[in-house]
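These are the residues of each chain, in order.
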Amino acid sequence: MKQLSKWAGTAIAAVLSLTLVMPSANADTLSDLEKKQQQADQKKNELNSGIQQKANEISENQTKLEKIISQIEKLDQQIQETEAKIDGVQAQIDQTKIEIDELRKSIEELERKIAERDELLKDRARAIQLSGGSVDYIDVLLGANSFIDFIDRFSAVNTLIEADRQIMKEQADDKKLLAEQKAEVENKLAEQENKKAELVGLKNSLDAKKQEQAGLEKELKAEQNRLAKEKSNLEKQRDEALNLSANLEKKIAKEQARLAEIARKAEAERKKKEAAERKAAAAKAAAASASSGSSSSYVAPAVGSANFIQPAPGRFTSGFGGRDIGAGAESHLGMDIANVTGTPIVAAASGYVTYAGYMNGYGNVVIMTHSINGRQYATVYGHMSAIGTSVGQSVSQGQKVGEVGSTGRSTGPHLHFEIHIGSWNGARSNAVNPAPYIR
């Protein structure tokens, strides 16, 4: 019986040792996968940030573009109004030119009359000169042959005198009118030409502004296209990162399941070994009792508990659920145990180390996978000052895995401890309150 018990124990130990050695071949694989997943998540966050930044730039650029387009529309309206004014002034100029043509005809007529009067006055002047320098109207009157002739001569003299006076007056009036009409035409035409030149200058200025705005519009549209392409490229990279992250999560879950299966088999072998040892001890006790004739019965040791043990001594400072530590409300998916830096941290249950290293938020962290009573669990030990184990290592319940610290997102030295039903995932969607699980 002793030989059989010894042989069974040796065989079980051999199977167990073989089982414990198996994960070492792929130990680095899980660690590499989780590191790659962290890198993929970090890249995904960076890409999301880049996409948001590009979206903001596109929005700002679009606002500038809309402003430029609005300014161009206003300039178009101003140009149309200016062109309408130019057309109006041009119509006035055309009308003025017609009036000028009419005035020129009037001026020509005045100039003809003035010229005729000048000739008449010259003839009168020559007549006066030939008569000795003056016209003696008295001699004309006294030379009458009769009273009727005198009356006729008197009437003729009056007519000549009045004609001379009227000629001189008309000559003066026509010269004045000629000067006024010439001045009026020249002033009116000059005024309208100046107004047209001013409007043409304004139109040229508006055209230049419109051309400048059109150049800016072209540049902004080109910038919009460039930003849109960059945003599209970032979105494509993000989709690739999402696909990579999803594939890595599947691989990690598969590897964790494999390690959990190994842990389950190891747990089963351990229980089988304990059962064999209890059976052998019971047989030995029965044999001893038979040989001594004693009637006392043997009480077998209790089977090891499947509960988790407290992973570190100290003061519980924060439990599972909502909390606010000064940075706003958050969901706390574990429990915090405060103690001095360097306080030992032990495995809450037997299992395998699936991650040991630095992780954002957790700082130095160890993640273990366990198989207890046919169910898979994962435990997390965060903010360590030192890590005392490595990926793939088989760790017994109560065995040291690290030391209390304050690495990562921490307000002081403490252990952040989590329990997950199933394998650990980045979303921590299967975390449970550790308090009911700890004995």
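This one's a predicted model, so the numbers in the text were calculated from it and none came from an experiment. (Residues numbered from 1 in each chain as written. Predicted model: local features only at pLDDT ≥ 70, side-chain atom pairs only at ≥ 80, totals over all residues. Heavy atoms only, no water.)

**Side note on the nonpolar core**
Right, so step 1: Ranked by size, the top nonpolar core spans 23 residues in total, and within it Phe308, Ile345, Met368, Tyr381, Val401, Leu415 and Phe417 carry the most contacts.
Right, so step 2: Contributions of two or more residues to this core are made by β4 (335-338), β7 (363-372), β8 (375-384) and β12 (414-421).
Right, so step 3: Ignoring any residue separated from it by four or fewer positions in sequence, one finds isoleucine 345 in contact with Pro311, Ala312, Tyr381, Met384, Gln399, Lys400, Val401, Gly402, Glu403, Val404 and Leu415.
Right, so step 4: Counting 8 residues, the second largest nonpolar core, distinct from the first, contains Met359, Tyr362, Ala378 and Trp424. (Core = buried A, V, L, I, M, F, W, Y, C linked by side-chain atoms within 4.5 Å. Buried < 20%, exposed > 50% of the residue type's maximum accessible area, 1.4 Å probe, protein only. Helix = DSSP H or I, 4+ residues; strand = E, 2+ residues; numbered from the N terminus. Contact = heavy atoms within 4.5 Å.)

**Observations regarding the side chain of glutamine 192**
Right, so step 1: Within the secondary structure layout, glutamine 192 lies in helix α4 (residues 147-292).
Right, so step 2: Dropping the residues within four chain positions of it, glutamine 192 is found in contact with Val89, Gln92, Ile93 and Thr96.

**Focus on the confidence of the model for the chain**
Keep in mind that low pLDDT regions are not for reading the predicted coordinates in detail.
Right, so step 1: Confidence along the chain averages 76 in pLDDT terms, with 76% of residues attaining 70 or more.
Right, so step 2: Low pLDDT, under 50, characterises residues 1-28; the stretch is placed with 24 contacts to residues that sit more than four places away or in other chains.
Right, so step 3: Long-range and interchain partners of residues 293-306, a stretch whose pLDDT sits below 50, account for 12 contacts in this model, where long-range means more than four residues apart. (pLDDT = per-residue confidence, 0-100.)

**Brief notes about the packing of aromatic side chains**
Right, so step 1: Going through the model one piece at a time under the given rule, you end up with 5 aromatic pairs.
Right, so step 2: Their ring planes at 45 degrees and their centres at 5.4 Å tell us that tyrosine 381 and phenylalanine 417 sit as a pair that is tilted. A residue pair is termed long-range when its members are at least 10 positions apart, and tyrosine 381 in strand β8 and phenylalanine 417 in strand β12 qualify at 36 residues. We note that tyrosine 381, like phenylalanine 417, is buried. (Phe/Tyr/Trp six-rings, centres within 6.5 Å; stacked < 30°, edge-to-face > 60°.)

**Quick look at the environment of glycine 412**
Right, so step 1: As for its position among the elements, glycine 412 is in the loop between β11 (400-403) and β12.
Right, so step 2: Along the backbone, glycine 412 and histidine 383 are 29 residues apart, and their C-alpha atoms lie at a distance of 9.3 Å.
Right, so step 3: The contact partners of glycine 412, leaving out residues within four places of it in the chain, are Gly405 and Ser406.

**Focus: the sheet that holds β11**
Pairing between the strands of a sheet comes from backbone hydrogen bonds, and it takes one of two forms, parallel or antiparallel.
Right, so step 1: Pairing is antiparallel across the open sheet formed by 3 strands, whose spatial order is β5-β11-β9. Both outer strands of the open sheet, β5 (344-346) and β9 (386-387), are each paired with one neighbouring strand and no more.
Right, so step 2: Looking at chain direction, β9 and β11 are connected through 2 bridges and run antiparallel. Directly across from alanine 386, in β11, lies its bridge partner glutamate 403. (Pairing = 2+ DSSP bridges.)

**Let's talk about the pattern of salt bridges**
Right, so step 1: Counted under the stated rule, the structure contains 5 salt bridges.
Right, so step 2: For the salt bridge of glutamate 230 with arginine 226, the shortest nitrogen-to-oxygen distance reads 2.4 Å. Taken together, the positions of glutamate 230 and arginine 226, both in helix α4 and 4 residues apart, correspond to about one turn of that helix.
Right, so step 3: Overall, glutamate 230 belongs to the partly exposed group, its relative accessible area being 27%.
Right, so step 4: Residue lysine 400 is joined to glutamate 403 by a salt bridge in which the shortest nitrogen-to-oxygen separation is 3.0 Å.
Right, so step 5: Using a relative accessible area of 40% as the deciding quantity, one classes lysine 400 as partly exposed. (Salt bridge = Lys/Arg side-chain N within 4 Å of Asp/Glu carboxyl O.)

**Re the side chain of asparagine 364**
Right, so step 1: Looking at the element boundaries, asparagine 364 is found in strand β7.
Right, so step 2: With relative accessibility at 19%, the residue asparagine 364 sits in the buried group.
Right, so step 3: Apart from the residues lying within four places of it in its own chain, the contact partners of asparagine 364 are Gly357, Tyr358, Tyr381, Gly382, His383, Met384, Ser385, Ile387 and Thr407.

**Looking at unusual backbone geometry**
Right, so step 1: With a phi close to 70 degrees, histidine 383 is a non-glycine residue in the positive phi region.
Right, so step 2: Residue histidine 383 is classed as buried on the basis of its relative accessible area, which comes to 5%.

**So, the pairing of β4**
Right, so step 1: Going residue by residue along β4, you find Met335 and Ile337 tucked away on one face and Asp336 and Ala338 tucked away on the opposite face as well.
Right, so step 2: Across 3 bridges, strand β1 (residues 315-318) lies against β4 in antiparallel orientation. Opposite serine 318, over in β4, you have aspartate 336 as the bridge partner.
Right, so step 3: Alignment of β4 against β12, held across 4 bridges, turns out to be antiparallel. Looking at the pairing, methionine 335 lines up with phenylalanine 417 of β12.

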